[in-house]
Amino acid sequence: MLGLKPVWLTLWLFRRSHENVILNDKYNEYRGALTIERLLDIKHGYNFRDLGGYQTTDGHTTKWQRTVRSAALNQLNRADLATLSAYGVHTILDFRTNQELLRAPDRVPGGAKDYHNPILAIDDTRSSATREELREDLSEPGYGHRQMIQTYHEMIADDFSQQAYRNFFDYLIANQKGTLLFHCTAGKDRTGLGAIMFLAALGVPQTTVLQDYLLTNEVSKAVLDANMDRLDGEGASAAVKDNIRALWTVHEDYFTAAMDEVKTQAGDLPHYLSDNLQLSDEKIAELRRLYLA
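Remember, it's a predicted structure, so these values are computed and weren't measured experimentally. The residue numbering used here restarts from 1 in each chain and proceeds along that chain's sequence as written. Residues qualify for local features only when their pLDDT is at least 70, as the model is predicted, and side-chain atom pairs are given and counted only at 80 or more; totals for whole chains, interfaces and linings, by contrast, use all residues. The basis for every side-chain value is the complete set of heavy atoms in the structure, and neither hydrogens nor water enter the calculation.

Time to look at the overall build of the protein chain. Each helix and strand counted, the protein chain has 14 helices and five strands in total. For every residue, the accessible area (1.4 Å probe, protein chains only) is compared with the maximum for its type, and the residue is labelled buried under 20%, exposed over 50%, or partly exposed between those bounds. Taken across its 293 residues, the protein chain has 55% of its residues classed as buried. Note on definitions: a residue-residue contact is assigned when non-hydrogen atoms from the two residues lie within 4.5 Å. Across the protein chain, contacts joining residues at least 24 apart in sequence account for 75% of those joining residues at least 6 apart. Only carbon and sulfur atoms are counted for the fraction: they give 49% of the accessible area of the protein chain, which is about 12300 Å². Runs of H or I in DSSP of at least four residues are treated as helices and runs of E of at least two as strands, each being numbered from the N terminus. For every accessible area listed, the method is Shrake-Rupley and the probe measures 1.4 Å; residues are considered covered only by the protein chains on display.

Here it is as structure tokens:
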């Protein structure tokens, strides 16, 4: 069974702060100051960014306006949807659980197709967890970091997750033109791992793949800061704040945990893609034809 406590804790925190955090002016001001051209101009969402412009080991470059990774879409307004439509987004992959989808359904551009492809299986025993139970977990020093490490190991090893990532690559290959957007709730773990696998399959070097993964912390900084301010106002303990920071950010340790599990499963990432995710040489060649310039 997957260790889903971090996901449920994140969902609880996200429900409490979603409207007050991702829509606030502090985030919009921070985003406006960024010089990262890959960040889309979305006002009522965050961590929307293009995976174009990355060089591969053989001298190619990932195409712009072909893949976008992001956090949740449920708060997008008409202007945001128009931005995505103008950007060419016509296929959306939702990596969230059934509970997340029902609680906060995607808002999608007109004409776009929205597919549900959950990366994590549902742990029904956690759906009834009380706020007090979650608070007890948050009060345990180091809990968040340990649980995220465990979750990354399990997302690599679990059969359900592997099938979902196989589906992800099938959708990518079916996307012959236009922009495919894939997302979860915060756009950092399930989505981050998908981006890691996708970029690796295209031949982007691991140092660059890691940089893209860690970029979430920069583009989501204002969201985290707003949550930290709220917790300070509530008098939260240092342990609670450290755990929330661990759950709301990405860390090189999480990336390393995933790669360690890849080695356990298949020896290295290329063999994991071919053996565990059944990504054949022909499929990789097609991905590179579609997504590399």
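The subject of this paragraph is the pairing of strand 5 (residues 179-183). Successive side chains on a regular strand alternate, one facing one side of the sheet and the next facing the other. When you tally the buried positions in strand 5, you get five out of five residues, the bulk of the element. Neither face of strand 5 is left uncovered, since the one carrying Thr179, Leu181 and His183 and the one carrying Leu180 and Phe182 both have all their residues buried. Pairing between strands is defined by DSSP: at least two bridges between them are needed. Two strands pair when backbone bridges link them, and strand 2 (residues 67-70) and strand 5 are joined in this way by four bridges, in the parallel orientation. Looking at the pairing, Arg69 lines up with Phe182 of strand 5. Across five bridges, strand 3 (residues 89-94) lies against strand 5 in parallel orientation. Across the sheet, Leu93 pairs through a bridge with Phe182, a residue of strand 5.

What follows concerns the confidence of the model for the protein chain. pLDDT gives the predictor's per-residue confidence on a scale running from 0 to 100. Confidence in the prediction of the protein chain, expressed as mean pLDDT, is 86, and 83% of residues score 70 or more. In this model residues 1-12 is a low-confidence stretch, pLDDT under 50, and it forms 46 contacts with partners more than four residues away in sequence or in other chains. The low-confidence segment residues 123-130, where pLDDT is below 50, has 13 contacts with residues more than four positions distant or belonging to other chains.

What follows concerns the packing of aromatic side chains. Each Phe, Tyr or Trp ring (for Trp, its six-membered ring) is paired with any other whose centre lies within 6.5 Å, and the angle between the two planes then decides the class: stacked below 30 degrees, edge-to-face above 60, tilted in between. Counting across every chain of the model gives 10 aromatic pairs. Here Tyr213 and Phe255 contribute two aromatic rings whose centre-to-centre distance is 5.9 Å and whose plane-to-plane angle is 45°, an arrangement assigned as tilted. In this pair, Tyr213 sits in helix 9 (residues 206-219) while Phe255 sits in helix 12 (residues 252-266), placing the two residues 42 residues apart along the sequence. Across the pair, Phe255 and Tyr213 agree in class, each one buried. An aromatic cluster is built from Phe95, Tyr165, Phe168, Phe169 and Phe182, whose rings are joined through pairwise contacts. The ring of Tyr54 is capped by Arg38, whose NZ or CZ atom sits 4.0 Å from the centre of that ring. Here, over-ring charges are defined by two tests on the NZ atom of lysine or the CZ atom of arginine: distance to the ring centre within 6 Å, and angle to the ring normal within 35 degrees.

The pocket and cavity definitions rest on a 1 Å grid over protein atoms only: a 1.4 Å probe that fits but cannot leave marks a cavity, an open set with protein on both sides within 12 Å along at least five of seven lines marks a pocket, and residues lining either have an atom within 4 Å of a point. Grid points are joined across faces, edges and corners, and a volume is the space filled by probe spheres set on the points. For the largest pocket, the calculated volume is near 190 Å³. What lines the largest pocket is a set of 15 residues, and nearest its centre among them are Ala200, Ala201, Leu269, Pro270 and Leu273. Breaking the lining of the largest pocket down by element, the ones donating at least two residues are helix 8 (190-202), helix 9, helix 12, helix 13 (269-276) and helix 14 (281-291). For this classification, Asp, Glu, Lys and Arg are treated as charged, while Ala, Val, Leu, Ile, Met, Phe, Trp, Tyr, Cys and Pro are nonpolar and the rest, including Gly, are polar. Among the residues making up the lining of the largest pocket, the classes are represented as 12 nonpolar, two polar and one charged.

With respect to the secondary-structure elements, Pro205 resides in the loop between helix 8 and helix 9. Classification of Pro205 as partly exposed rests on a relative accessible area of 27%. For the pair formed by Pro205 and Asp58, sequence separation is 147 residues and the distance between their alpha carbons is 9.8 Å. Apart from residues no more than four positions distant in its own chain, Pro205 is found in contact with Gln55, Thr56 and Thr57.

Attention now goes to the nonpolar core. Note on terminology: a nonpolar core comprises buried Ala, Val, Leu, Ile, Met, Phe, Trp, Tyr and Cys residues joined through side-chain atoms within 4.5 Å. In terms of nonpolar packing, the biggest core is built from 62 residues, with Tyr152, Tyr165, Phe169, Met197, Phe198 and Leu287 touching the most fellow members. Top element by residues in this core is helix 8. It accounts for eight residues. Contact partners of Met197, with chain neighbours within four places excluded, come to Ile156, Tyr165, Phe169, Tyr272, Leu273 and Leu277. Residues Ile42, Val68, Leu84 and Ala112 belong to the second largest nonpolar core, which totals 12 residues.

Moving on, we come to the sheet that holds strand 4 (residues 113-116). Paired through their backbone hydrogen bonds, the strands of a sheet run either parallel or antiparallel. Read across the open sheet, the five strands follow the order 1-2-5-3-4; overall the sheet is mixed. Edge positions in the open sheet fall to strand 1 (49-50) and strand 4, since each of these has one partner strand only. Direction of pairing for strand 1 relative to strand 2: antiparallel, over a ladder of two bridges. Bridging across to strand 2, Arg49 finds its partner in Arg69. Against the sheet, helix 8 contacts strand 2 and strand 5, and its axis sits at roughly 150° relative to strand 2. In this analysis, axes come from line fits to C-alpha atoms, helices being fitted only over the stretch in contact, and the angle between any two N-to-C directions falls in the range 0 to 180 degrees.

Moving on, we come to the packing of helix 12 against helix 13. Running from amino to carboxyl end, helix 12 crosses helix 13 at an angle of 60°, the nearest separation of the two axes being 9 Å. Taken as axis vectors, helix 12 and helix 13 run oblique relative to one another. For helix 12 against helix 13, the interelement crossing comes out left-handed. Here Met259, Val262, Gln265 and Ala266 of helix 12 come into contact with helix 13, specifically with Leu269, His271, Tyr272 and Asn276. By residue class, the composition of the contact of helix 12 with helix 13 is five nonpolar, three polar and no charged. We call two directions roughly parallel when the angle between them is under 35 degrees, roughly antiparallel when it is over 145, roughly perpendicular when it lies between 65 and 115, and oblique otherwise. Note on convention: the crossing is left-handed when the near helix lies turned anticlockwise from the far helix by less than a right angle, right-handed when the turn is clockwise.

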